Amino acid sequence: MNDLAGKHIVLGLTGGIACYKAAELCRALVKEGATVQVVMTEAAQQFITPVTMQALSGRIVYGSQWDAREPNNMPHINLSREADAILLAPCSADFMARLVQGRADELLSLLCLARPIERVPLLVAPAMNREMWAHPATQRNMAQLAADGATLLGVGSGDQACGETGDGRMLDPQELLADLVAFFQPKLLARRRVVVTAGPTFEALDPIRGITNHSSGKMGFAIARAAREAGAEVTLVAGPVSLATPRGVRRVDVRSAREMLAATQAEVTAADVFVATAAVADWRPVAEAGQKIKKDGSGDAPVVAFTENPDILLAVAQSERARSGTLFCVGFAAESHDLLTHAKAKRERKGIPLLVGNIGPLTFGQDDNQLLLVDAQGVQELPRASKLVLARWLVADIAARLPAAATP
Ligand code: CTP
């Protein structure tokens, strides 16, 4: 992916042991297509050298407001004017205090102060010891920074360099990357609540075995991520898959279709959008054997009776909120043939405004896909692309179909 293509990021490093993670972050930003201009405070240079950051960013690092390389000797103006965003990672407790006070006695705080505030966003990734993090002064500074228009990216929790354990660690480079990518996505679903089902279900035969399918959950997880990037509050009801939960998404893990139904029905009561991507098993064994079914030596296979599972999408689509249009329902159809005919019929059968069709065997487990959007008006094709790109297109399409959001 090149989610940051065309973006110019000023990456500011301040004094903290998390500077070692900034090297990885710089690399990740460049890999995602961004150009990165590193600016380091004097304290940051105690932890990592400008040589490392220059090598990774491919640009000379700035560290002084008196840098004579700039013809006009105004690096604070030049660097801040060309940035699409300034990302401070790590941002120390001291540096936050400096920002709050509007200090300007070294290059990084000076350029943050000098940035055109409506055009160049400031993103802050704090990093510090847990006591420093919890201190009222830091919390006060955080609130003030947010009030002054900065975006606070939060902190991680766990073992700290000082040997203590708690909140205050800098987020990992991949988390920061995901947050920055999300930051640049249009907030088409701001103040909306979205519920997504994803993955297969597992219907137990006995304590050892069960029936499931090849769904990887990737499309549903991508939709959850895209909806979150678009500003929605997202709950992902996930069958048994081993994918990482997208940043900022609430995940409810379930196993069987009946568990998925119960979790989904609880979650959609306050939702604006429901997207059913899960490959729900259509049938389950009538009864789950309490013990492992053993071979009895006769050579006969055991006879398993099946019963139909509840249709989660149908149940939600028939709810009062869905029928009145308060809850917008989107279904998926995984077909093996005659996609358009089946997709059209399925949309009508499920009574939903939008159905997304794909060819199951061509998409299960893959990172890309090709979709067919079927609504009452007709059909639209989304060409082959990565699942995340398709998810972003789909989210934009869904957002455009929603009734206008109430103003906050
Ligand atoms: N779905 C569901 N609950 C089920 C079965 C399906 O919520 N028990 C949802 C899927 O998440 C998907 C849509 O219904 O959004 C279509 O699923 P699919 O398996 O393709 O269709 P079926 O209803 O099973 O129809 P068919 O057996 O004819 O393919």
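Residues numbered from 1 in each chain as written. Predicted model: local features only at pLDDT ≥ 70, side-chain atom pairs only at ≥ 80, totals over all residues. Heavy atoms only, no water.

Caption draft 1: Representation of the domain arrangement of the chain within the structure. By domain assignment, the chain separates into domain 1 (8-184) and domain 2 (193-401). The straight-line distance from the C-alpha centre of domain 1 to that of domain 2 is 40 Å. On the side of domain 2, four residues touch domain 1, which itself brings seven residues to the contact. Around 410 Å² of area is buried between domain 1 and domain 2 when both sides are counted, 50% of it from carbon and sulfur atoms. Among the residues domain 1 hides against domain 2, the three largest losses belong to Ala178, Val181 and Ala182. Together they make up 64% of the total. Taken together, domain 1 and domain 2 are joined by two salt bridges. Note that Glu175 and Arg247 form a salt bridge whose closest N and O atoms lie 3.7 Å from each other. The interface formed by domain 1 and domain 2 holds one residue pair in polar contact (both at pLDDT 80 or more) in total. Taken together, the residues that form the side of domain 1 that touches domain 2 break down as five nonpolar, no polar and two charged. (Domains from an automatic or database assignment. Contact = heavy atoms within 4.5 Å. Buried area = accessible area lost by both parts, 1.4 Å probe. Salt bridge = Lys/Arg side-chain N within 4 Å of Asp/Glu carboxyl O. Polar contact = N/O pair within 3.5 Å; in protein donor to acceptor, adjacent residues only side chain to side chain. Nonpolar A, V, L, I, M, F, W, Y, C, P; charged D, E, K, R; others polar.)

Caption draft 2: Just unusual backbone geometry, in detail. Cis geometry marks the peptide bond from Ala89 to Pro90, where omega comes out at 5°. Of note, Pro90 is situated in strand E3 (residues 85-91). Positive phi values are uncommon outside glycine, yet Arg191 reaches one of about 65°. (Helix = DSSP H or I, 4+ residues; strand = E, 2+ residues; numbered from the N terminus.)

Caption draft 3: Geometry of the sheet that holds strand E12 (residues 250-253). One open sheet accounts for eight strands, arranged E12-E11-E8-E13-E16-E17-E18-E19; its pairing is mixed. With one partner strand each, in any of the chains shown, E12 and strand E19 (379-386) form the two edges of the open sheet. Looking at each pair of strands side by side, their axes are set apart by 20° on average, direction ignored. Inspection of the sheet shows strand E11 (residues 233-238) paired to E12 by four bridges, in the parallel sense. Residue pairing in the sheet places Val237 in a bridge with Val252 of E12. Against the sheet, helix H11 (residues 257-268) engages strand E8 (193-198), E11, E12 and strand E13 (273-276), with an angle of about 170° to E11. Along the sheet face, helix H16 (residues 387-401) touches E13, strand E16 (328-335), strand E17 (354-359), strand E18 (368-374) and E19 and points at about 150° away from the line of E19. (Pairing = 2+ DSSP bridges. Axes fitted to C-alpha atoms, helices over the stretch in contact; angles between N-to-C directions.)

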